[in-house]
Amino acid sequence: WTITTGSGATLSNANSPTATFTKGADSSYTLVWTITGPCGSSRDTVSLLFPAPVGTACGQAVSYAGESYPTVQIGTQCWFAKNLNVGTMINGNQINNGILEKYCYNNDPANCTTYGGLYQWAEAVQYQNGAKNDTSPSPAFMGNVRGICPTGWHLPSDAEWGTLETFLGGSSVAGGALKSTSGLWTSPNTGATNSTGFSALPGGFRFTNATFNNLGTLTYFWSTSEYSSSDAIFRGFSNVNSDYSRIINTKLYGFSARCIQD
């Protein structure tokens with residue numbers, strides 16, 4: 001057995017198929033059982049979900065997969081104030097499979113520590129209802145899509161990103177209220193005030209040819225909403241304006257992810 005996500009858990013015997021699992025503080029864990037023999041290796045993935053921990057009122061940090069995520073109230077919504085950083089790192093030229101995985105900018109884990117992981121759309125929504133990067137979920141998503149978020153949280157829909165935009169006064173100014181002023185953005189970081197505490201960081205993205213681009217100048221966040229079977233809707237921020245852009249493009253990009261409370 002290998003525990004790939006979740007912290008503080010133990011196994012009575014990592015080599016036994018009937019091992020006893022003891023959870024830590026997290027509410028979600030992913031375990032992988034691998035068998036290796038003369039004909040090669042095979043593996044199965046087990047996802048374990050436990051009731052959400054007590055004390056997740058907005059403004060309190062959420063412990064998830066070994067990381068602590070601050071939360072912030074913006075209007076009627078409660079958001080993570082930090083990009084998700086869950087899953088096993090794979091190189092930019094590799095394709096996601098059944099294990100929760102992430103890309104780190106320039107294949108450097110230190111960038112995941114600072115900016116969070118980068119995820120293709122299907123990975124971000126965790127293949128719910130059979131969703132893939134070239135296939136729509138069936139049935140179509142209804143309600144909250146938890147994806148790679150912890151219990152009690154979900155990836156935002158396009159409509160939920162829109163609610164945030166409206167509350168902040170529209171697309172031309174919302175980006176400034178959401179961008180961090182920590183110094184990680186390349187100058188001029190136009191309009192940035194981080195008045196919301198959302199702290200959007202310029203994590204760049206993984207391009208479809210497996211290269212990485214625009215660290216320091218751009219960031220994009222997935223929504224769960226599709227435009228077509230191969231395209232999804234996402235939101236973008238730039239260092240040269242205060243815009244909060246609604247964009248449609250291929251699900252194959254590697255973008256950042258945030259969680260919103262159920």
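Scroll up a little and you will see the structure.
The structure contained in this document is the topic of the report that follows. Here the structure is a predicted model, which is why all the values come from computation and not from measurement. (Residues numbered from 1 in each chain as written. Predicted model: local features only at pLDDT ≥ 70, side-chain atom pairs only at ≥ 80, totals over all residues. Heavy atoms only, no water.)

Moving on, we get to the overall build of the protein chain. When you go through the protein chain residue by residue, the secondary structure sums to four helices and 18 strands. Compactness check: the protein chain gives a C-alpha radius of gyration of 18 Å against a globular reference of 18 Å for 262 residues, within 12% of the reference. Projecting the C-alpha coordinates of the protein chain onto the three principal axes gives extents of approximately 60 × 40 × 40 Å. Partitioning the intrachain contacts of the protein chain with sequence separation of at least 6 by distance along the chain shows that 49% fall at a separation of at least 24. Carbon and sulfur atoms provide 52% of the accessible area of the protein chain, an area that totals close to 11200 Å². The positive charge centre, built from 12 side chains, and the negative charge centre, built from 14, are 3 Å apart in the protein chain. (Helix = DSSP H or I, 4+ residues; strand = E, 2+ residues; numbered from the N terminus. Rg over C-alpha atoms; globule rule 2.2 N^0.38 Å. Contact = heavy atoms within 4.5 Å. Areas by Shrake-Rupley, 256 points an atom, 1.4 Å probe, with all protein chains shown as cover. Lys, Arg positive; Asp, Glu negative; His and termini not counted. Charge placed at Lys NZ, Arg CZ, Asp CG, Glu CD.)

Right, let's get into the nonpolar core. One finds Leu 84, Val 86, Trp 121 and Trp 222 to be the most contacted residues of the largest nonpolar core, which totals 31 residues. Those elements that place two or more of their residues in this core are strand S6 (62-64), strand S9 (77-80), helix H2 (121-124), strand S15 (218-226) and strand S16 (231-238). With 17 residues, the next largest nonpolar core counts Trp 79, Leu 168, Trp 185 and Ala 200 among its residues. (Core = buried A, V, L, I, M, F, W, Y, C linked by side-chain atoms within 4.5 Å. Buried < 20%, exposed > 50% of the residue type's maximum accessible area, 1.4 Å probe, protein only.)

The next subject is the pairing of S16. Within S16, seven of the eight residues are buried, which leaves it mostly tucked inside the rest of the structure. When S15 meets S16, the two strands line up antiparallel, connected through six bridges. Its bridge partner lying in S16, Trp 222 is registered against Phe 234. If you look at the hairpin formed by S15 and S16, you'll find four residues sitting between the two strands. As consecutive antiparallel partners, S16 and strand S17 (residues 245-250) are separated by six residues. (Pairing = 2+ DSSP bridges.)

This part covers the sheet that holds strand S4 (residues 28-37). Pairing is antiparallel across the open sheet formed by three strands, whose spatial order is S1-S4-S5. In the strand order of this sheet, the two ends are held by strand S1 (2-5) and strand S5 (40-49), each with one partner. Direction aside, the axes of adjacent strands within the sheet are offset by 30° on average. Note that S4 and S5 share 10 bridges and pair antiparallel. Within the sheet, the bridge partner assigned to Leu 31 lies in S5 and is Val 46. (Axes fitted to C-alpha atoms, helices over the stretch in contact; angles between N-to-C directions.)

A few words on unusual backbone geometry. Note that the residue after Ser 138, namely Pro 139, is joined by a cis bond; omega there is 5°. On the secondary structure map, Pro 139 appears in the loop between H2 and strand S12 (153-154). The backbone phi angle of Ser 199 is positive, close to 60°, even though this residue is not glycine. Residue placement: Ser 199 occurs in the loop between helix H4 (171-178) and strand S13 (205-206). Backbone geometry at Ala 210 places phi at a positive 75°, although glycine is not the residue there. Tracing the backbone shows Ala 210 in the loop between S13 and strand S14 (212-213).

A few words on the pattern of salt bridges. If you walk through the whole model with that rule in mind, you get five salt bridges. The shortest N-O distance in the salt bridge between Lys 251 and Glu 226 comes to 2.5 Å. Remark: Glu 226 occurs in strand S15 and Lys 251 occurs in the loop between S17 and strand S18 (260-261); sequence separation between them is 25 residues. Given the relative accessible area of 26%, Glu 226 is considered partly exposed. Beyond isolated ion pairs, a larger network of salt bridges with shared partners links Asp 158, Glu 165, Arg 235 and Arg 246. (Salt bridge = Lys/Arg side-chain N within 4 Å of Asp/Glu carboxyl O.)

Once that is clear, we can look at the packing of aromatic side chains. Applying the stated criterion across every chain yields a total of 25 aromatic pairs. Here Phe 21 and Tyr 29 contribute two aromatic rings whose centre-to-centre distance is 5.3 Å and whose plane-to-plane angle is 70°, an arrangement assigned as edge-to-face. Since its relative accessible area comes to 0%, Tyr 29 is described here as buried. A ring pair is formed by Phe 221 and Phe 237, whose centres lie 5.8 Å apart and whose planes are at 85°; its orientation type is edge-to-face. Here Phe 221 is found in strand S15, whereas its partner Phe 237 is found in strand S16, with 16 residues between them in sequence. By the burial criterion, Phe 221 is buried, and Phe 237 matches it. Here the aromatic residues Phe 205, Phe 207, Tyr 220, Trp 222, Phe 234, Tyr 253 and Phe 255 are joined through ring pairs into a cluster of three or more. (Phe/Tyr/Trp six-rings, centres within 6.5 Å; stacked < 30°, edge-to-face > 60°.)

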